[in-house]
Amino acid sequence: MKQLRFFVAAIALLCSTSMFAQADYPEKGYSGSVEFAYGIGIHDDWVADPSRINITTVHGYQFNPYLFVGAGIGVKYWLDYETISLPIFADVRGTLPLGSSPVALFADFRVGYSPVDIYGVYVAPSIGVRLGRAKAATFAFGYEMTQNSTVGSTLNFRLGFEW
């Protein structure tokens with residue numbers, strides 16, 4: 001129950017920030033983000049596995065309004081197993097701004113390694129919506145897999161804030 005309260009508080013914090021800045025989409029330069037996620041675990045045969053809570057931060061370079069490349073680190077906590085993983089990854093994101101609207105679509109792909117508890121190669125593709133321009137809230141749906149682990153795959157929903 002404490003994890004659910006933490007997740008709801010994180011959502012409230014994200015919603016209370018200034019999501020619709022008036023500046024244009026970032027053209028070039030440093031960009032960072034923080035994300036909170038809830039994941040439903042799955043096995044290869046698509047049977048439900050314990051849920052996870054994730055906190056991730058990514059930092060890198062915005063080459064233009066369409067391409068971001070960076071690196072990140074996350075902490076994933078398995079609620080039933082009381083264990084963690086620590087994925088360290090590279091992140092590539094393509095963004096499609098929708099005209100003059102503050103809404104944009106994106107797809108990102110993360111690949112790296114998790115060296116702790118639930119260990120192995122880490123892969124995480126996702127698709128989502130970005131609400132805002134220079135500063136923005138993000139909402140994404142994706143898949144995460146940590147190879148060589150029996151509890152490493154999840155379908156997850158991510159909420160984030162970019163600056």
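Visitor: Provide a residue-level description of the overall build of the protein, including the pertinent values.
Guide: Each helix and strand counted, the protein has one helix and nine strands in total. Tracing the protein from N to C terminus, the helices and strands come up as α-β-β-β-β-β-β-β-β-β. Across the 163 residues in the protein, those meeting the buried criterion constitute 44%. Contacts in the protein between residues at least 24 apart in sequence constitute 54% of all its contacts with a sequence separation of at least 6. Taken as a whole, the protein presents about 8200 Å² of accessible surface, with 69% of it coming from carbon and sulfur.

Visitor: Report on unusual backbone geometry, specifying residues and quantitative values.
Guide: The backbone of Asp-117 sits at a positive phi, close to 40°, despite the residue not being glycine. By the element assignment, Asp-117 lies in the loop between β6 (103-114) and β7 (120-132).

Visitor: So what's going on with a nonpolar patch on the surface? Which residues, and what values?
Guide: Together, Tyr-61, Phe-63, Tyr-66, Leu-67, Val-69 and Val-92 give the surface a local cluster of nonpolar side chains, amounting to about 510 Å² of exposed area. Mapped onto the nonpolar patch, the elements with two or more residues apiece are β2 (48-64) and β3 (67-78). Along the polypeptide, Val-92 turns up in strand β5 (residues 88-97).

Visitor: Tell me about the pairing of strand β8 (residues 136-146), and please be specific about residues and values.
Guide: Bridging between β7 and β8 involves nine bridges; their strand directions are antiparallel. The residue bridging Leu-131 from the neighbouring strand is Ala-137, located in β8. Once β7 ends, the chain turns through three residues before running back antiparallel as β8. Judged from the nine bridges that link them, β8 and strand β9 (residues 153-162) form a sheet pairing that is antiparallel.

Visitor: Give me the pattern of salt bridges: which residues, what numbers.
Guide: By the definition in use, this model includes ten salt bridges. Residues Arg-110 and Glu-35 are paired through a salt bridge, measuring 2.8 Å at the closest nitrogen-oxygen approach. Pair noted here: Arg-110 is in strand β6 and Glu-35 is in strand β1 (residues 29-42), with a separation of 75 residues, a long-range link. Taken individually, Arg-110 and Glu-35 each receive the classification buried, so the pair is uniform in this respect.

Visitor: So, the confidence of the model for the protein: which residues are in play, and what are the values?
Guide: Across the protein, pLDDT averages 84, with 77% of residues at or above 70. Predicted confidence is poor over residues 14-23, with pLDDT under 50, and the contacts of this stretch with residues over four places away or in other chains come to 21 contacts.

Visitor: Describe the nonpolar core, with residues and values.
Guide: Counting five residues, the largest nonpolar core consists of Val-58, Phe-68, Phe-89, Tyr-122 and Ala-124. If near-sequence neighbours (up to four positions away) are discounted, Phe-89 is found in contact with Thr-56, Thr-57, Val-58, Gly-70, Ala-71, Gly-72, Ile-73, Gly-74, Arg-110, Val-111, Gly-112 and Tyr-122.

Visitor: So what's going on with the environment of Gln-147? Which residues, and what values?
Guide: Its place among the elements puts Gln-147 in the loop between β8 and β9. Owing to a relative accessible area of 39%, Gln-147 belongs among the partly exposed residues under this scheme. A sequence separation of 29 residues divides Gln-147 from Ile-118, and the C-alpha atoms of the two residues are 9.1 Å apart. Ignoring sequence-local partners within four residues, the contact set of Gln-147 consists of Tyr-119, Gly-120 and Val-121.

Visitor: Could you give an account of the pairing of β7, naming the residues involved and the relevant values?
Guide: Bridge count between β6 and β7: twelve bridges; the pairing is antiparallel. Counted as the bridge partner of Ala-104 is Arg-130 from β7. In this structure, the hairpin formed by β6 and β7 is closed by a connection of five residues, where Asp-117 is found at a positive phi of approximately 40°.

Calculation notes
Residues numbered from 1 in each chain as written. Predicted model: local features only at pLDDT ≥ 70, side-chain atom pairs only at ≥ 80, totals over all residues. Heavy atoms only, no water. Helix = DSSP H or I, 4+ residues; strand = E, 2+ residues; numbered from the N terminus. Buried < 20%, exposed > 50% of the residue type's maximum accessible area, 1.4 Å probe, protein only. Contact = heavy atoms within 4.5 Å. Areas by Shrake-Rupley, 256 points an atom, 1.4 Å probe, with all protein chains shown as cover. Patch = residues over 30% accessible without salt bridge, like charges linked within 9 Å, V, L, I, M, F, W, Y side chains within 5 Å. Salt bridge = Lys/Arg side-chain N within 4 Å of Asp/Glu carboxyl O. Pairing = 2+ DSSP bridges. pLDDT = per-residue confidence, 0-100. Core = buried A, V, L, I, M, F, W, Y, C linked by side-chain atoms within 4.5 Å.

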